[in-house]
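Chain residues, written in single-letter form:
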Amino acid sequence: MSTTPLRLKELSKKEDLLTGGHRLCAGCGAPIAIRQIMLAADVPIVAANATGCLEVSTTIYPYSAWKIPWIHTAFENAAATISGVEAMYRALKRKGKISEEIKFIAFGGDGGTYDIGFQSLSGAMERGHDIVYVCYDNGAYMNTGIQRSSATPFGANTTTSPAGSVIPGKLQPRKNLTKIMAAHGIPYVAQTTPAHWRDLMTKVRKALEVKGPAFINILASCNRGWRTPTDRAIEDSKLAVETCFWPLYEYENGRLTINYKPKEKKPVVEFLKTQGRFKHLFSPENEHLLQHSQELVDREWEALLREEAMWKAEEEKEEQKD
Amino acid sequence: MKGWRELEIGAVTEAGSADEYNTGSWRAFRPRWIEENCIQCLFCWIYCPDSAITVKDGKRGEFDYKHCKGCGICAVECPGKKGKKAIVMEEEGK
Ligand SMILES: Cc1ncc(C[n+]2csc(CCOP(=O)(O)OP(=O)(O)O)c2C)c(N)n1
Ligand code: SF4
Ligand code: SF4
Ligand code: SF4
Ligand SMILES: [Mg+2]
């Protein structure tokens, strides 16, 4: 199987497997990520898609924007659905009824992944299916009108964590799902954004290549929920990475690599201030909340750095032994 | 009761048929390509959420105005030439 070089000129010669004419909002981050995923894959893909904006808006009857076999599955079980498809594929292969190399991907939003689909996701990973699960994380239940999820950042204003005189937006920090997936001990786990298209595509290829389950968490801007102009999806993804709110990293067989370290880590307010969902944090009485947002980012980033340093030290020790 | 083999297959639609659907009418702003400022980096193409930038043989062509929703991402991400953008957003219908 030849692989297309990860150069835009070469990639642009491939067919787009997600067509235009879908009804995701103007400037939505999710389809940018999906297009890149499909362009990265050089093998046939079968996908399952949990209910959410991506699923709803790409398949409004009688239209479909997908040029691959694609299954709409319930909100909570994309991982279970794709596990079944992959198991059937293995059975057909065993019986000699199919010979083609096919790969299987499940797509879910953060609500469908961090929250309601978490049990089926964890089960599929533990069973060891040869699948890739992709979460597009826009930080809330967007399709039903911006309800907070466990992926919603601390302080964000959502319809179920409304900033006002009672609470200043979401009171809890985000759940670190990427780390939780790494704790499953699966062969590949990564985090990326569509602004970093080469990083994203490299990770998709690695995830498809490994034998066994892989998980990729992709930050996907939602201008409706983030309260941003429609042209911000890529810029805000870059800021998320430059502030270390959303670091680019991967676990290969348990080994952590941080794929990008900003030369100068920007303060997290740079990421927060462009988004209306954090606007209230910038009023003088909420300064301590901004500070807390920074502490949350620092704590996770420093833990990542320490963990990577530990791996490097281990490897150096091993090398000295040889 | 029917066994699963007798059930009708659920909603199966033609792959990629959304291509026929016009989302261009959503636009409030319209991107315009200024070819002489274009360095053919294809950032606009890789970042467009709506596959609305046509590319042929690795070279950027016109916008696909049937699908472009006018989000403006391409204009923001376009590096252009010598500080001059190759994409500008203009109010629709003016
Ligand atoms: C069991 C169940 N509960 C609730 C819903 C309603 N529902 C449809 S989409 C959605 C939100 C999806 O959120 P997320 O997974 O984050 O995807 P997004 O819409 O943000 O892309 C909800 C609550 C449903 N379809 N099924
Ligand atoms: S609500 Fe947000 S996630 Fe849903 S289609 Fe619109 S921009 Fe995309
Ligand atoms: S304005 Fe948005 S939809 Fe239109 S071509 Fe540019 S990026 Fe694509
Ligand atoms: S982003 Fe700008 S310079 Fe690059 S190909 Fe598109 S129009 Fe040309
Ligand atoms: Mg969501």
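Relevant structure appears above.
From a predicted model like this one, the values you see are computed outputs, not experimental measurements.

### Here's the deal with the coordination of the magnesium ion (ligand 5)
Item 1. Around the magnesium ion (ligand 5), the donor atoms from the protein are Asp110(A) (OD), Asn138(A) (OD1) and Ala140(A) (O), and they sit 2.0 to 2.2 Å away.
Item 2. One chain supplies every donor for the magnesium ion (ligand 5), spaced along it as D-x27-N-x1-A.

### With respect to the packing of helix H2 (residues 30-40) of chain A against helix H8 (residues 197-209) of chain A
Residues and elements named next belong to chain A.
Item 1. Where H2 contacts H8, the two axes come as close as 9 Å, and the packing angle between them is 50 degrees. The angle between the axes of H2 and H8 places the two elements in the oblique class. Relative to H8, the crossing made by H2 is right-handed. For the pair formed by H2 and H8, the contact residues are Ala-33, Gln-36, Ile-37, Leu-39 and Ala-40 on the first element and Trp-197, Leu-200, Met-201, Val-204 and Arg-205 on the second.

### With respect to the pairing of strand S4 (residues 132-137) of chain A
Item 1. With six of six residues buried, S4(A) lies mostly within the body of the structure.
Item 2. Here S4(A) shows no split at all, with Val132(A), Val134(A) and Tyr136(A) on one side and Tyr133(A), Cys135(A) and Asp137(A) on the other all buried.

### Observations regarding the site of ligand 2
Item 1. Surrounding ligand 2, one finds Leu24(A), Cys25(A), Cys28(A), Cys53(A), Asn138(A), Cys222(A), Asn223(A) and Arg224(A).
Item 2. Residues that form the shell around ligand 2 fall into these classes: five nonpolar, two polar and one charged.

### Brief notes about the sheet that holds strand S7 (residues 249-252) of chain A
Residues and elements named next belong to chain A.
Item 1. Sheet architecture is open: eight strands sit in the order S2-S1-S3-S4-S6-S5-S7-S8, paired in mixed fashion. Sheet topology places strand S2 (70-73) and strand S8 (255-258) at the edges, where each strand pairs with a single neighbour. Ignoring which end each strand starts from, the neighbouring axes of this sheet average 15 degrees apart.
Item 2. With six bridges connecting them, S4 and strand S6 (residues 214-219) associate as parallel partners. Its bridge partner being in S6, Tyr-136 is matched across the sheet by Ile-218.
Item 3. With respect to the sheet, H2 is in contact with strand S1 (45-50), strand S3 (103-109), S4 and S6, its orientation differing from that of S3 by roughly 170 degrees.

### A closer look at the side chain of Ser150(A)
All names here are of chain A.
Item 1. Inspection of the secondary structure puts Ser-150 in the loop between S4 and helix H7 (177-182).
Item 2. In this structure the side chain of Ser-150 is engaged in a polar contact, spanning 2.4 Å, whose partner is the side chain of Asp-115.
Item 3. Contacts of Ser-150, omitting those with residues within four sequence positions, involve Tyr-114, Asp-115, Lys-170, Arg-174 and Lys-175.

### Observations concerning the environment of Ser57(A)
Residues and elements named next belong to chain A.
Item 1. If you trace the backbone, Ser-57 turns up in helix H3 (residues 53-58).
Item 2. Overall, the relative accessible area of 10% leaves Ser-57 in the buried class.
Item 3. Placed 34 residues apart in sequence, Ser-57 and Arg-23 show a C-alpha to C-alpha distance of 4.7 Å.
Item 4. Filtering out sequence-adjacent residues up to four positions away, Ser-57 remains in contact with His-22, Arg-23 and Leu-24.

### A word on the site of ligand 1
Residue and element names in this part refer to chain A.
Item 1. In the vicinity of ligand 1 lie 17 residues, with Gly-111, Gly-112, Tyr-136, Ala-140 and Met-142 positioned nearest.
Item 2. In this structure, an oxygen atom belonging to ligand 1 sits 2.8 Å away from a main-chain N or O atom of Gly-112.
Item 3. Compared with its free state, where it exposes 590 Å², ligand 1 has 75% of that area covered by protein.
Item 4. For the shell around ligand 1, the class distribution of residues is seven nonpolar, eight polar and two charged.

### A word on the interface of chain A and chain B
Item 1. The interface is formed by 39 residues belonging to chain A together with 33 residues belonging to chain B.
Item 2. Of the roughly 2900 Å² buried at the junction of chain A and chain B (both faces included), carbon and sulfur atoms supply 62%.
Item 3. Looking only at chain A, the three residues that lose the most surface to chain B are Leu8(A), Arg35(A) and Tyr63(A), adding up to 20% of its buried area.
Item 4. Its salt-bridge partner being Lys238(A), residue Glu77(B) comes within 2.8 Å of it at the nearest N-O pair.
Item 5. Between the two partners, chain A and chain B, sit 19 residue pairs in polar contact (both at pLDDT 80 or more).
Item 6. Listed by contribution, the elements that provide at least two residues to the side of chain A that touches chain B are helix H1 (8-11), H2, H8 and helix H10 (233-242) of chain A.
Item 7. Take the side of chain A that touches chain B: its biggest share by element is five residues, from H2(A).

### Structural notes on the pattern of salt bridges
Item 1. This model, assessed by the stated rule, comprises 27 salt bridges over all chains.
Item 2. As a salt-bridge pair, Glu92(B) and Arg27(B) come within 2.8 Å of each other at their nearest N and O atoms. Residue Glu92(B) is found in the segment after strand S4 (87-91), and its partner Arg27(B) is found in the segment before strand S1 (29-33); the two are separated by 65 residues along the sequence.
Item 3. Looking at Glu92(B), the relative accessible area reads 28%, which means it is partly exposed.
Item 4. On the accessibility criterion, Arg27(B) (11% relative accessible area) is buried.
Item 5. One salt-bridge network, held together by shared partners, links Lys14(A), Asp42(A) and Arg205(A).

Criteria and thresholds
Residues numbered from 1 in each chain as written. Chains lettered and ligands numbered in written order. Predicted model: local features only at pLDDT ≥ 70, side-chain atom pairs only at ≥ 80, totals over all residues. Heavy atoms only, no water. Donors = N, O, S within 2.8 Å, 3.2 Å for Na, K, Ca; no water. Axes fitted to C-alpha atoms, helices over the stretch in contact; angles between N-to-C directions. Helix = DSSP H or I, 4+ residues; strand = E, 2+ residues; numbered from the N terminus. Parallel < 35°, antiparallel > 145°, perpendicular 65-115°, else oblique. Left-handed = near helix turned anticlockwise from the far one by under 90°. Contact = heavy atoms within 4.5 Å. Buried < 20%, exposed > 50% of the residue type's maximum accessible area, 1.4 Å probe, protein only. Near = heavy atom within 4 Å. Nonpolar A, V, L, I, M, F, W, Y, C, P; charged D, E, K, R; others polar. Pairing = 2+ DSSP bridges. Polar contact = N/O pair within 3.5 Å; in protein donor to acceptor, adjacent residues only side chain to side chain. Areas by Shrake-Rupley, 256 points an atom, 1.4 Å probe, with all protein chains shown as cover. Buried area = accessible area lost by both parts, 1.4 Å probe. Salt bridge = Lys/Arg side-chain N within 4 Å of Asp/Glu carboxyl O.

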